[in-house]
Each structure stands twice: as structure tokens, then as C-alpha cells.
Amino acid sequence: MQNYKILDGKKISEEIKNEIKAEVNNLLLTGAKRPHLAAILIGNDGASETYVGHKVKACEQVGFKSSLIRFDNSVSEHELIQKIIEINSDKDIDGLIVQLPIPAHISEEKIIEAISPAKDVDGFHPINIGRMALGMPAYISATPQGILELIRRYTIETSGKHCVIVGRSNIVGKPMSILMSQKKSYGNATVTLCHSQTKNLSEITKQADILIAAIGQPEFINSEMIKENCVVIDVGIHRIKSESTKSGWKLIGDVKFDELAHKCSYITPVPGGVGPMTIVSLLKNTLLSAKKEIFI
Ligand code: GUN
């Protein structure tokens, strides 16, 4: 018998999309313009194409306008920054994202800093990260925000719990560690942030009430690494060859789901867990921008 519960990001994200759609309709009734997200995509990396495609489709679903701006891999840093500056002052555009990773000859830091903090709906700009860290109004990066929302909608207690995060990326691990420890509802956890240099990793992960796996390595977390009744959040997404699917591919996470799910109280699936929550969080940030709720 299945004794664990699935944290169904697909279902919750559909609920949130309906909420956003209703808000968009209300906004339009007041005479406001349609929220508008612009996405810059450089090159033709398959995974990035898929992610941006999902973001554009989600915009359509909730009634946002979206613009996809494509550049070749050979685009110069200067050309890219000029485009960002143009979008920063375009009054019709509420949010701007540059899909990462970007080619090595372009500085990711410079690109992120070029985006106006008021349109940085990815929440990657140092001003938004700083404001988030201080508990001030800010765009919170989409994946950590999506994870918190999933935890909130399933009313999982975080206060006083030990939350172990594996992976210290700027996009997920680092902001997640700050948010989980903040003195706010759906925070107040004792956080341990583990990374590639952590010694005795299993000793630490076994103490987790909530384990967030954001390592970027397929099926890294196994059943020996968690304790009974742990809540497991899997941020990883990897496409691997498979003989059991029609397409010849399947998606797996950073967690060995089949092996450890029975030990969990709650667990996110891959796909259908954190991924869809990330996309709705981006929509939420774009709506906040259109409503001028973070920056005036
Ligand atoms: N690449 C992987 N995740 C993300 C994300 O959330 N936003 C952007 N812009 N690029 C990404």
C-alpha cells in the first residue's frame, strides 16, 4: 500500500493558473493593459527551447501577452545588453527573462545586472536577491517560490523543522536556504545547506525533516540517505534514454523516486512536481509587476 503522498505540482499549478487567469480578467475589466512577459532565448539548446516553450504556453493559458526574442549563439554581449536596455524602457513589457545558460563569451552577471530590477521577474538581480534576503518586497526566484507555494498548499509544517538543502546554486539552493530560515510563515526552519565539499553528506541528509535535492545529478539521493517520514522535494530534471517509453526518453530527478518514496511522508514526482510550480511562479511575478506591487 502506498503510504506516501504525492506533492502534485501539476495539479496545484493548474489551480494557480486559474487564479491568475481570473485576476487578469479583473485587471482588464478595470481598463488596465494585458500583462506582458518577454523572454530572450540565445541559441537552440533543446532543454532551453523546451523550458521557454512551456513559459510562452503558460502565458497564453492565463491571458498574458508574451514575446520571444531569439538570438544566435554568436550574439555579442553588447548587442544583448542593448536589447535589454530597450526592453527595460518599453512600457508595454512588465517582465523580462533571459533564459540561462547563456554562451560562455557573455557574462551572466553583466546580463542579469542589465535587467531592470523592476522587470526582473526571475528574481535573479542582486537587488531582488538582496531585498529577498532582508525580507523586503522582492521578486523571488521562481523555483524556490514554487517550492514554498507547494509546501504551503499542502500545509506542510516548516517551523522548527530541519530543512536540508543539497546544492548551493544562485537560482535554487542559496535563495531556498534564506527563504526557509526566514522569520515568516512557511519559513522558520533550521536550515543546513550542503554542497560538493560537504563531508559525511548522508549523515546530514538523514537528519532532514524536509530534504530539498537541487544537485543537478540524476538519482543522486537514495533511500539510505533519508529518514522515515521525510518530505522530499526533487528539483532535478534530467532526460535519459529509456527502453520502456514510446519516445525512447524519460525524465528523472535528483532523487531515486522508486527506491525511496515508500520512506517519505510527501514527495514530488518528476515530471509534474517542482517544474510546473516554477512556471506559475514566473507568471505570478509577472502579474505582480503588471500591478506594480513590488516596485512602483
Ligand atoms: N535556466 C534554468 N532555470 C531557469 C530559470 O528559472 N530562469 C531562467 N531565466 N533560466 C533558467
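Now for a quick tour of the structure. Model, not experiment: these values are computed from the prediction.

Basis of the calculations
Residues numbered from 1 in each chain as written. Predicted model: local features only at pLDDT ≥ 70, side-chain atom pairs only at ≥ 80, totals over all residues. Heavy atoms only, no water. Near = heavy atom within 4 Å. Areas by Shrake-Rupley, 256 points an atom, 1.4 Å probe, with all protein chains shown as cover. Helix = DSSP H or I, 4+ residues; strand = E, 2+ residues; numbered from the N terminus. Contact = heavy atoms within 4.5 Å. Axes fitted to C-alpha atoms, helices over the stretch in contact; angles between N-to-C directions. Parallel < 35°, antiparallel > 145°, perpendicular 65-115°, else oblique. Nonpolar A, V, L, I, M, F, W, Y, C, P; charged D, E, K, R; others polar. Expected span 1.5 Å × (residues − 1). Buried < 20%, exposed > 50% of the residue type's maximum accessible area, 1.4 Å probe, protein only. Arc of directions from axis to C-beta. Polar contact = N/O pair within 3.5 Å; in protein donor to acceptor, adjacent residues only side chain to side chain. Salt bridge = Lys/Arg side-chain N within 4 Å of Asp/Glu carboxyl O.

1. A few points about the site of the ligand
In step 1: Surveying the vicinity of the ligand reveals the residues Lys 55, Val 98, Gln 99, Leu 100, Asp 122 and Phe 124.
In step 2: Within the complex, 83% of the 280 Å² of free accessible area of the ligand lies under protein.

2. Comments concerning the side chain of Lys 119
In step 1: Here Lys 119 is to be found in the loop between helix H4 (108-114) and helix H5 (126-133).
In step 2: Among all residues touching Lys 119, those that are not within four sequence positions of it are Ile 87, Asn 88, Ser 89, Asp 90, Ile 93, Asp 94, Gly 95 and Leu 96.

3. Digging into the packing of helix H6 (residues 142-153) against helix H10 (residues 274-290)
In step 1: Running from N to C, H6 and H10 cross one another at 105°; their axes reach a closest spacing of 7 Å. Judged on the interaxial angle alone, H10 and H6 are roughly perpendicular. Along the contact surface, H6 presents Ala 142, Thr 143, Gln 145, Gly 146, Ile 147, Glu 149, Leu 150 and Arg 153, while H10 presents Val 274, Met 277, Thr 278, Ser 281, Leu 282, Lys 284 and Asn 285.
In step 2: Among the residues forming the contact of H6 with H10, the class breakdown is six nonpolar, six polar and three charged.

4. Topic: helix H2 (residues 46-62)
In step 1: In this model, H2 (17 residues) spans 25 Å end to end at C-alpha, consistent with the 24 Å of a helix rising 1.5 Å per residue.
In step 2: Turning to H2, its buried residues are Ser 48, Val 52, Lys 55, Ala 58, Cys 59 and Val 62. The arc that holds every buried residue of H2, seen down its axis, measures 115°, which confines them to one face.
In step 3: Buried positions along H2 lie against helix H1 (9-29), strand E2 (36-42), strand E3 (65-71), strand E4 (95-98) and H10.
In step 4: Where H2 begins, one side-chain oxygen reaches toward the backbone nitrogen of Ala 47, 3.4 Å away; that side chain belongs to Asp 45.
In step 5: Gly 63 occupies a position one or two residues after H2 and carries a positive phi of about 90°.

5. Notes on the pattern of salt bridges
In step 1: Counted by the stated rule, this structure contains 13 salt bridges.
In step 2: For Lys 33, the salt bridge goes to Asp 94, with nearest N and O atoms at 2.7 Å. Here Lys 33, found in the loop between H1 and E2, pairs with Asp 94, found in the loop between helix H3 (77-88) and E4; they are 61 residues apart in sequence, far enough to count as distant.
In step 3: The salt bridge partner of Glu 149 is Arg 153, with a shortest N-O separation of 2.7 Å. Of this pair, Glu 149 and Arg 153 both sit in helix H6, four residues apart, roughly one helical turn.

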